[in-house]
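Fold and geometry: a report
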Amino acid sequence: MTSTLLPLDPANVQGDILVGLPKKVQHYLFFQIDDDVAAFRKRLHLLIPFITNTTQAQDDRAKIAAHKKAAVEQGKNYEFLQLSGVNIAFSQFGLTKLGITDDMGDTAFTDGQQKDSKNLGDAGAPGADGEFVPNWIDAFKGQIHGVVLISGNCDLTVTATQATVLSIFNVGARITLHEVITLKGVVRPERGHEHFGFRDGISQPAVKDFDTKPNPGQETVRQGVILCGREGDVDANEESEKPFNRPACALDGSFLALRYLFQLVPEFNNFLKASSDPTKGLTADLLGARLVGRWKSGAPVDVFPLADNPAAGEDVLQNNNFRYDFPNDFETQDRCPFAAHTRKTNPRNDLEGPKIGVPTENRRIIRRGIPFGPEVTPEEATSGKTLHGRGLIFAAYCGSITNSFQFIQKSWANKVEFPPKEHVNPGFDPIIGQNKDGPNGVGPRSMVGANPSDQSATLSLPVEWVVPKGGEYFFSPSISVLRDTFAL
Ligand code: HEM
């Protein structure tokens, strides 16, 4: 790839990556390309005008904000504007099918997520040929070539846009795209909160020369941490920051790690109740906050260790302004357990601080997931047992799956020794950590530090609250590459 690059053109980058497609509902249409690849590529050309780029996604967000402001000023109920967005991404199977033989320079992407599932710690067992087979739903066990992301204000809009997309690829009996499965995400009534009840999507890196006004505490990363071929698209595992050798078609595209994660919400809530000790100050809410690293409101426990602060939780000037660097933060868990989900997945000063001094810039991801499934029913709440599938369609963009998404899950969340501390092994990330060393690839999990007044006590955790049932790694190309290389 050439070393002199033009400045980033947001209109050439798909809108979900740097801005996020505005959404109340989002469908992920996983597909296979028909054997008549030329016909698919011609149809892909017709889809390009429907792809929402970064400039359009920014405009849509500005329109929504203005609409909301006007509604508030007029004392009216705010209704999300009617709009929809479309993006597309391809797996390695899809690239191969399209005849694109370039090596994208990312081992995890090339191998695909099913092959990586053992690395990620997913439950499973060896199949007839001895290869590890994860306990996923069948749709994700076959080859998926690509995914179309369709977002919008409501199910009706998104379903209509999905029909339009399908009608572009499939005209009459002429089928060029075969639908494998469509996952349907919908924001919860408690908007912005995932199914365990915690505000999500707060901490995202700012991208240099694009997000020019980062919020307090929000770290700015070089563009190449998220977009291939840009400054900072380097191998973080090499001391010398060796630039990845990317083909021309990678420029301004981003890798997308998608995971179909079920959440056992009644079981999680029951555990919090059973393991709390309100008489000694450890309420179920405090325990939950210490497992996640934030109160349900989003307020970080590192700043608000004893009581929630809902106003701070929703205030972008306060809710991300912490680094686990209060006096004693490095060695005690007074404020936040070392194993808390946010601390495991972005350890901030645990690694970057003077004690260790390892940069974590190239481990950062931009998260764009959406919950799926219904609210917990009274029957489930009473019995403490999940009866209806629900969870998170986890979606993360990054310049390298191997160096960031995969690394976070495998080498941080699943590693009991992480973050490195002198006197204690922190244990598993209680939310997503997986112990593959057990029968059928699931073993017992535990952590320390959950109880602030007995920090050396080990808390045994259920083997899982988050159950992966599928996923794939994709590449979301720039609009020009989509037009000139992928389409005909
Ligand atoms: C942050 C929930 C899966 C990586 C968070 C937050 C919540 C949350 C509530 C705090 C809000 C925020 O800072 O934005 C969940 C749930 C998951 C899940 C319920 C599964 C169902 C994952 C996975 C990864 C991940 C699979 C990556 C392997 C992160 C990162 C952050 C985060 C990087 C930001 C940490 C920070 O910068 O402080 N998650 N998460 N999460 N999560 Fe997850």
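Residues numbered from 1 in each chain as written. Predicted model: local features only at pLDDT ≥ 70, side-chain atom pairs only at ≥ 80, totals over all residues. Heavy atoms only, no water.

1. Quick word on the coordination of the iron atom of the ligand
Exactly one donor from the protein chain reaches the iron atom of the ligand: His341 (NE2), at 2.1 Å. Along the chain, His341 falls in helix α11 (residues 341-345). (Donors = N, O, S within 2.8 Å, 3.2 Å for Na, K, Ca; no water. Helix = DSSP H or I, 4+ residues; strand = E, 2+ residues; numbered from the N terminus.)

2. Points about the packing of helix α2 (residues 37-47) against helix α15 (residues 479-486)
Running from N to C, α2 and α15 point in directions that differ by 150°, and their axes come no closer than 9 Å. Looking at the two axes, α2 sits roughly antiparallel to α15. Handedness of the α2/α15 crossing: left-handed. In contact with Arg41, Leu44 and His45 of α2, α15 contributes Leu482, Arg483, Thr485 and Phe486. Of the residues belonging to the contact of α2 with α15, the class tally is 3 nonpolar, 2 polar and 2 charged. (Axes fitted to C-alpha atoms, helices over the stretch in contact; angles between N-to-C directions. Parallel < 35°, antiparallel > 145°, perpendicular 65-115°, else oblique. Left-handed = near helix turned anticlockwise from the far one by under 90°. Contact = heavy atoms within 4.5 Å. Nonpolar A, V, L, I, M, F, W, Y, C, P; charged D, E, K, R; others polar.)

3. Some points on the pattern of salt bridges
In total, this model carries 25 salt bridges according to the counting rule given. When the shortest N-O distance is used, the salt bridge between Asp252 and Arg230 registers 2.7 Å. Of the two residues, Asp252 is situated in the loop between β12 (242-243) and β13 (254-263) and Arg230 in the loop between β10 (220-221) and β11 (234-235); the sequence distance between them amounts to 22 residues. You can call Asp252 buried: its relative accessible area is 4%. We note a salt bridge from Glu331 to Lys355, for which the minimum N-O separation is 4.0 Å. (Salt bridge = Lys/Arg side-chain N within 4 Å of Asp/Glu carboxyl O. Buried < 20%, exposed > 50% of the residue type's maximum accessible area, 1.4 Å probe, protein only.)

4. Describing the environment of Glu380
Relative to the elements of secondary structure, Glu380 occurs in helix α13 (residues 378-383). Separated by 113 residues in sequence, Glu380 and Glu267 place their C-alpha atoms 9.1 Å apart. In this view, Glu380 contacts Pro266, Glu375, Lys385, Thr386, Leu387, His388 and Arg390; residues no more than four positions away in its chain are not counted. Within polar-contact distance, the side chain of Glu380 engages the backbone nitrogen of Leu387 at 2.6 Å. (Polar contact = N/O pair within 3.5 Å; in protein donor to acceptor, adjacent residues only side chain to side chain.)

5. Some remarks on the nonpolar core
In terms of nonpolar packing, the biggest core is built from 83 residues, with Phe40, Leu44, Ile88, Phe90, Leu291 and Phe486 touching the most fellow members. Ranked by residues supplied to this core, first place goes to helix α14 (residues 401-413) with 6 residues. Residue contributions to this core reach at least three from each of two domains, namely domain 1 (10-260 + 471-486) and domain 2 (263-363 + 372-469). In this structure Phe40 touches Phe31, Ile33, Phe90, Leu98, Phe169, Thr176 and Leu177, once residues within four positions along its chain are discounted. Within the second largest apolar cluster, 35 residues are counted, among which are Phe210, Leu227, Ile370 and Tyr397. (Core = buried A, V, L, I, M, F, W, Y, C linked by side-chain atoms within 4.5 Å. Domains from an automatic or database assignment.)

6. Details of the domain arrangement of the protein chain
You can read the domains of the protein chain as domain 1 (10-260 + 471-486) and domain 2 (263-363 + 372-469). In this structure, domain 1 and domain 2 have C-alpha centres spaced 25 Å apart. Each partner contributes to the interface: domain 1 provides 66 residues, whereas domain 2 provides 61 residues. Buried area between domain 1 and domain 2, both sides added, is near 5,400 Å², and the carbon and sulfur share of it is 54%. When the buried area of domain 1 at its contact with domain 2 is split by residue, His195, Phe196 and Phe198 rank highest and sum to 17% of it. Counting across the domain 1 and domain 2 interface gives 4 salt bridges. A salt bridge links Arg199 to Glu314; the nearest nitrogen and oxygen atoms lie 3.6 Å apart. Linking domain 1 with domain 2 are 31 residue pairs in polar contact (both at pLDDT 80 or more), by the criterion used here. For the side of domain 1 that touches domain 2, the secondary structure elements donating two or more residues are α1 (15-18), α5 (107-111), α6 (113-120), β3 (124-126), β8 (177-186), β11, β13 and β19 (466-476). The element that contributes the greatest number of residues to the side of domain 1 that touches domain 2 is β13, accounting for 7 residues. (Buried area = accessible area lost by both parts, 1.4 Å probe.)

7. Some thoughts on the environment of Phe93
Tracing the chain through its elements places Phe93 in helix α4 (residues 92-98). Each C-alpha atom, one on Phe93 and one on Arg246, is 18 Å from the other, the two residues being 153 residues apart in sequence. If sequence neighbours within four positions are ignored, Phe93 has contacts with Gln143, Ile144, His145 and Glu472.

8. Details of α6
Every buried residue of α6 is accounted for by Gln113, Asp116, Ser117 and Leu120. The arc that holds every buried residue of α6, seen down its axis, measures 130°, which confines them to one face. Contacts from the buried residues of α6 go to α5, β4 (132-134), β13, α14 and β19. (Arc of directions from axis to C-beta.)

9. Re empty space enclosed by the protein
Scanning the entire structure with this criterion turns up 4 cavities of 30 Å³ or more. Counted as a void, the largest cavity has a volume near 60 Å³. Together, Gly224, Val225, Gly232, Asp233, Val234, Phe244, Asn362, Cys398, Gly399, Ser400, Asn403 and Ser404 line the largest cavity. The class makeup of the residues in the lining of the largest cavity is 4 nonpolar, 7 polar and 1 charged. Each of domain 1 (10-260 + 471-486) and domain 2 (263-363 + 372-469) gives at least three residues to the lining of the largest cavity. (1 Å grid on protein atoms, 1.4 Å probe; cavity = no way out; pocket = protein on both sides within 12 Å on 5 of 7 lines; lining within 4 Å. Points joined across faces, edges and corners; volume = space filled by probe spheres on them.)

10. Here's the deal with α15
Every α-helix winds through 3.6 residues per turn, so residues three or four apart in the chain are directed the same way. Within α15, the full set of buried residues consists of Ile479, Val481, Leu482 and Phe486. For α15, the buried positions fall inside an angular range of 165° around the axis, keeping them on one side. Looking at the buried residues of α15, the elements they touch are α2, β2 (84-90) and α4.

11. Topic: the site of the ligand
Neighbouring the ligand are 26 residues, the closest being Ile202, Ser203, His341, Arg348 and Arg367. In the environment of the ligand, an oxygen atom lies 3.1 Å from a nitrogen or oxygen atom belonging to the side chain of Arg294. Contact between the ligand and Arg348: an oxygen atom at 2.7 Å from a side-chain N or O atom of the residue. Of all the elements in the fold, those that place two or more residues in the shell around the ligand are β13, α11, β16 (391-398) and α14. Here the residues of the shell around the ligand are counted per class, giving 11 nonpolar, 8 polar and 7 charged. Two domains each provide a minimum of three residues to the shell around the ligand, namely domain 1 (10-260 + 471-486) and domain 2 (263-363 + 372-469). (Near = heavy atom within 4 Å.)

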